[in-house]
Amino acid sequence: QVQLVESGGGLVQAGGSLRLSCAVSGRTFSSYAMGWFRQAPGKEREFVATITRSGSINYASSVKGRFTVSRDNAKNTVHLQMNSLKPEDTAVYYCNAEVVVGVLQYSYWGQGTQVTVSS
């Protein structure tokens, strides 16, 4: 069982910054990758960023250069530093973990944290 809890969301003015955190608990018996997704009202959930256990990173083009994803394996925590926020960044942000057991891959999701950017 893997559990993820996001925190750090809130209300910020355009141009401001927020730092999201995702705390991971539960046993994992193999390596995993983690990522951030977001979903705005009336829109599909979209990819934001991913990071592997070894540190390989991918960003969506819409956030590249503004957001930074990182992970602290010792603390079982991943972060998303969001700078130069825009109103279009407003969404519920979800933390995702991909756990591999043998030939199977399992997806786990947090409850989400609201990010609202005012103009």
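Quick caveat: nothing in here was measured; it's all calculated off a predicted structure.

Thresholds, definitions, all that
- Residues numbered from 1 in each chain as written.
- Predicted model: local features only at pLDDT ≥ 70, side-chain atom pairs only at ≥ 80, totals over all residues.
- Heavy atoms only, no water.
- Phe/Tyr/Trp six-rings, centres within 6.5 Å; stacked < 30°, edge-to-face > 60°.
- Helix = DSSP H or I, 4+ residues; strand = E, 2+ residues; numbered from the N terminus.
- Buried < 20%, exposed > 50% of the residue type's maximum accessible area, 1.4 Å probe, protein only.
- Lys NZ or Arg CZ within 6 Å of the ring centre and 35° of its normal.

### Re the packing of aromatic side chains
Enumeration over the complete set of coordinates arrives at two aromatic pairs. Ring geometry for F37 versus F47: centroids 5.9 Å apart, planes at 75°, classification edge-to-face. You can see F37 sitting in strand β4 (residues 32–39) and its partner F47 sitting in strand β5 (residues 46–52), a full 10 residues away along the chain. A relative accessible area of 18% means that F37 is categorised as buried. For the pair F37 and W109, a centre-to-centre distance of 5.1 Å together with 65° between the ring planes defines the contact as edge-to-face. Here W109 lies in strand β10 (residues 104–109) and F37 lies in strand β4, a separation of 72 residues in the sequence. Judged by relative accessible area, W109 falls into the partly exposed class, the value being 37%. Within the aromatic cluster, the residues linked to one another by ring pairs are F37, F47 and W109. One Lys or Arg, R45, reaches over the ring of Y94 and ends 3.9 Å from the middle of that ring. The ring of W109 carries R45 above its face, with NZ or CZ at 4.8 Å from the centroid.

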